[in-house]
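Residue-level structure breakdown
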Amino acid sequence: MHLLAAAVPVPYPSYINTGDNTWQIVAATFVGLMSLPALAVLYASIVQKKWAVNVLAMQFAGFSLVLVAWVLWSYKMGFGATSLGGGVHNGVQTQLSGVGWVKHFFENLVGKPGQITNAANETSQAVSAANTTIPFHFPVTSLAFFQFVFAAITPLLFMGSVLGRIKFSAWCLLVPLWSTFVYAIDAFLLWGGGYFAQEGSLDFSGGFVIHMSAGVSGFVAAWVLGPRLLRDRQHAIPNNLVMAAVGAGILWLGWNGFNGGDPYYAGASASAAVVNTNLATAVGVLTWMGMDAWFSKVKKPTFLGGVNGMICGLVGITPCAGWVNGWGAIAVGGICCSVVWVCWNFLSKVRPFSKVDDALGVIYTHGIAGFFGGMLLGIFGDPNMLEYGCGHLNSAGQVVNTTALTYATSTKTCVPFSVNGLMYTGSAHQLWEQFRAALFVIFWSALVTFILMKLIGLVLRGARYKDEILEIGDLAIHDEEAFPEETFAERVGAMAMAGDPDTSSLALRKPDAAPPPTSAPPPTDAGS
């Protein structure tokens, strides 16, 4: 018989709020669905059919690789309670004043790597310098899984820049390395209580950390890899727009968890973030389709244009979803979509954009939209949109429902958290803090992605497939096809041998001689 340790794990500890914990897990699941199946289906449907399986394989492998790295070391790099330099210690920011900026920056750059796989880590209360106002109402595992699905979707987004030529092995090396040396550092700096968070830079749900970083990294990786085959670029025709609509729809509604889960509490801010997210997205769809109909050469609204507008609205509102009001959400959706539409149609013809084959235009719909969304927070941030207020906490750290009178009294002793945008306060300070953070994320994402791509190329003797493999696609790389044809495989079994009672299954058997590659019509992105 073993004696219980002094610290006995409690299955239903007092710090847990069932509503907050449940919503956090549900929101995380919504975000996970944005990757699998939404992004996988969307990307696989808007590329040539010869690349559909490759897209699916890289999406599933990338998602899995990030999770393994996340629980073994990178979660604590991004959201650990202690930074490598000690500027953050046990969830407390210790250098808010009296420290030179160089020391302040490097000692608050990244959290200490470490695993979260043992019982103590999986069942204890979540602690992070990301939150100093109200204690987390859920365990480490709820926060870790929620943040994992964000970490996972980021490289899957910029996969859209490099598909159609990157080696599967190169992708499997790039994803965990990039997640460790780019994503985890950006996340700690802005979300984990690191340097930029302490300076006042804000990113509600990932306009900078996820989308801008993905856009920049994808663009640099595409530059290092070189372009797709000329034929693939000239005939980039989607293989299934109906399935693309399914992927896009799940992506849109999954974003309710993306932005609605980031207040970390199932309160008014979460609801506001969800409504603002959908409002900005609807405006983005209508704006892009309208601009296609009025200003494009063909003067026709397009479905893929609508998907691009959807993504621009979603990405643009992400850094400010709970900090702007409904009018601000409308403005963000319209402005971000208009800017990206112009960049898509005109900036793409100017160097260096015209010389880099960003297959699905990730630099536009994610990079540029994420940058402008983050900057617009400095303009439209509404001081009355409170994310965290001043209530009363009981002995277990739970927020006690507060009357208006009690709230008004409590604000005399604490400061509610909201954003003071230029439009409401006349101050450009938040704009400046946003700009500083954006510059660093752009610089760091570009630099580290370039280094990683070069190193991977050296290790694998090239990070892209040879042209003869690129001519064939899925069948050469994975020995599978998304849409097999009779000329590529013959059906054997029950259908081919109806008279054989011993045959009860269907199988695909490849012919002895491999047929020549087809010239399947190629893709475009939900933005290509």
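The sections below set out a description of the structure shown in this document. On a predicted model such as this, the values are computed, not experimentally measured, just so you know. (Residues numbered from 1 in each chain as written. Predicted model: local features only at pLDDT ≥ 70, side-chain atom pairs only at ≥ 80, totals over all residues. Heavy atoms only, no water.)

This paragraph deals with the overall build of the protein chain. When you go through the protein chain residue by residue, the secondary structure sums to 19 helices and six strands. A burial count over the protein chain gives 53% of its 528 residues as buried. Long-range contacts, defined here as pairs at least 24 residues apart, represent 80% of the contacts in the protein chain between residues at least 6 apart. Of the accessible surface of the protein chain, which amounts to about 22500 Å², a share of 67% is contributed by carbon and sulfur atoms. (Helix = DSSP H or I, 4+ residues; strand = E, 2+ residues; numbered from the N terminus. Buried < 20%, exposed > 50% of the residue type's maximum accessible area, 1.4 Å probe, protein only. Contact = heavy atoms within 4.5 Å. Areas by Shrake-Rupley, 256 points an atom, 1.4 Å probe, with all protein chains shown as cover.)

Tallied over the entire structure, the rule returns 36 aromatic pairs. Here the aromatic cluster, defined as three or more aromatic residues joined through ring pairs, consists of Trp 70, Tyr 75, Phe 79, Phe 136, Phe 138, Phe 146, Phe 150, Tyr 183, Trp 191, Trp 255, Phe 258 and Tyr 264. (Phe/Tyr/Trp six-rings, centres within 6.5 Å; stacked < 30°, edge-to-face > 60°.)

Counted by the stated rule, this structure contains seven salt bridges. Arg 165 is the partner of Asp 357 in a salt bridge, and the nearest nitrogen-oxygen pair spans 4.0 Å. Here the residue Asp 357 occupies a position in the loop between α13 (326-345) and α14 (362-380), and Arg 165 occupies one in the loop between α5 (140-162) and α6 (168-190), the gap between them amounting to 192 residues. You'll find Asp 357 and Arg 165 in the same group, each marked buried. A salt bridge links Arg 436 to Glu 199, with the nearest nitrogen and oxygen atoms 3.3 Å apart. Taken as a pair, Arg 436 in helix α17 (residues 429-460) and Glu 199 in helix α7 (residues 195-199) lie far apart in primary sequence, 237 residues in all. For Glu 199, a relative accessible area of 28% corresponds to the partly exposed category. (Salt bridge = Lys/Arg side-chain N within 4 Å of Asp/Glu carboxyl O.)

Position of Asn 259 relative to the elements: it lies in helix α10 (residues 241-260). A polar contact of 3.2 Å, which involves the side chain of Asn 259, links it to the side chain of Ser 205. With sequence-adjacent residues up to four places away left out, Asn 259 is seen in contact with Phe 204, Ser 205, Ala 273, Thr 277, Ile 317, Thr 318 and Ala 321. (Polar contact = N/O pair within 3.5 Å; in protein donor to acceptor, adjacent residues only side chain to side chain.)

This part covers the nonpolar core. The biggest cluster of nonpolar side chains holds 120 residues, and the ones touching the most others in it are Tyr 43, Phe 150, Trp 171, Tyr 183, Trp 191, Ile 210 and Tyr 264. Beyond its immediate chain neighbours, meaning those up to four positions away, Phe 150 contacts Val 31, Tyr 183, Trp 191, Ser 205, Ile 210, Phe 258 and Asp 262. Leu 202, Ala 280, Cys 336 and Leu 377 belong to the second-largest nonpolar core, a separate cluster that totals 16 residues. (Core = buried A, V, L, I, M, F, W, Y, C linked by side-chain atoms within 4.5 Å.)

In this structure, the amide linkage connecting Leu 36 to the following residue, Pro 37, adopts the cis form with an omega of 15 degrees. Locating Pro 37 in the fold gives a position in helix α1 (residues 18-46). Residue Pro 352 is reached from Arg 351 by a cis peptide bond, and omega for that bond is 0 degrees. Notably, Asn 90 is not glycine yet its phi reads approximately 55 degrees, a positive angle. Note that Asn 90 resides in the loop between β1 (88-89) and β2 (92-93).

Here we take up the side chain of Asp 203. Within the secondary structure, Asp 203 is located in the loop between α7 and α8 (207-225). Buried charge Asp 203 goes without a salt bridge, the closest partner of opposite sign being Arg 436 at 15 Å. A distance of 2.9 Å separates a polar atom in the side chain of Asp 203 from the backbone nitrogen of Gly 206. In contact with Asp 203, not counting residues within four places along its chain, are Trp 191, Phe 208, Val 209, Pro 319 and Trp 323. (Lys, Arg positive; Asp, Glu negative; His and termini not counted.)

Our focus in this paragraph is α8. With 19 residues, α8 should reach 27 Å at 1.5 Å per residue; the first-to-last C-alpha distance of 26 Å fits that figure. Roughly 30 degrees is the biggest bend found in α8, and it falls at Ser 213. Most of α8 sits out of view: 17 of its 19 residues are buried. Positive phi shows up at Gly 226, right after α8, with a value of about 90 degrees. (Expected span 1.5 Å × (residues − 1). Bend = angle between axes of the 7 residues up to and from the residue.)

Before going further, it helps to spend a moment on the environment of Ala 482. Looking at where Ala 482 falls in the secondary structure, it is placed in the loop between α19 (474-478) and β5 (490-493). Classification of Ala 482 as partly exposed rests on a relative accessible area of 33%. Beyond its immediate stretch of four places on either side in the chain, Ala 482 contacts Ala 52 and Val 53.

Time to look at the packing of helix α2 (residues 52-79) against α6. Where α2 contacts α6, the two axes come as close as 9 Å, and the packing angle between them is 35 degrees. When the axes of α2 and α6 are compared, the crossing they make is right-handed. Along its contact with α2, which presents Ala 57, Met 58, Ala 61, Gly 62, Leu 65, Val 66, Trp 70, Trp 73, Ser 74, Met 77, Gly 78 and Phe 79, the element α6 presents Phe 168, Trp 171, Cys 172, Val 175, Pro 176, Ser 179, Thr 180, Tyr 183, Ala 184, Ala 187 and Phe 188. Grouping the constituent residues of the contact of α2 with α6 by class yields 18 nonpolar, five polar and no charged. (Axes fitted to C-alpha atoms, helices over the stretch in contact; angles between N-to-C directions. Left-handed = near helix turned anticlockwise from the far one by under 90°. Nonpolar A, V, L, I, M, F, W, Y, C, P; charged D, E, K, R; others polar.)

Disulfide: a covalent bond connecting the sulfur atoms of a pair of cysteines. Counted by the stated rule, this structure contains zero disulfides. Free cysteine Cys 337: the closest other cysteine sulfur is in Cys 312, separated by 4.9 Å. (Disulfide = S-S within 2.5 Å.)

Another point: the packing of α8 against α14. Two measures define how a pair of helices packs: the angle their axes make with one another and the distance between the axes. At a minimum axis separation of 8 Å, α8 and α14 run at an interaxial angle of 145 degrees. Pair α8 / α14 crosses with left-handed handedness. Of the residues in α14, those touching α8 at Gly 207, Phe 208, His 211, Met 212, Ala 214, Gly 215, Val 216 and Phe 219 are Val 362, Ile 363, His 366, Gly 367, Gly 370, Phe 371, Gly 374 and Met 375. By residue class, the composition of the contact of α8 with α14 is nine nonpolar, seven polar and no charged.

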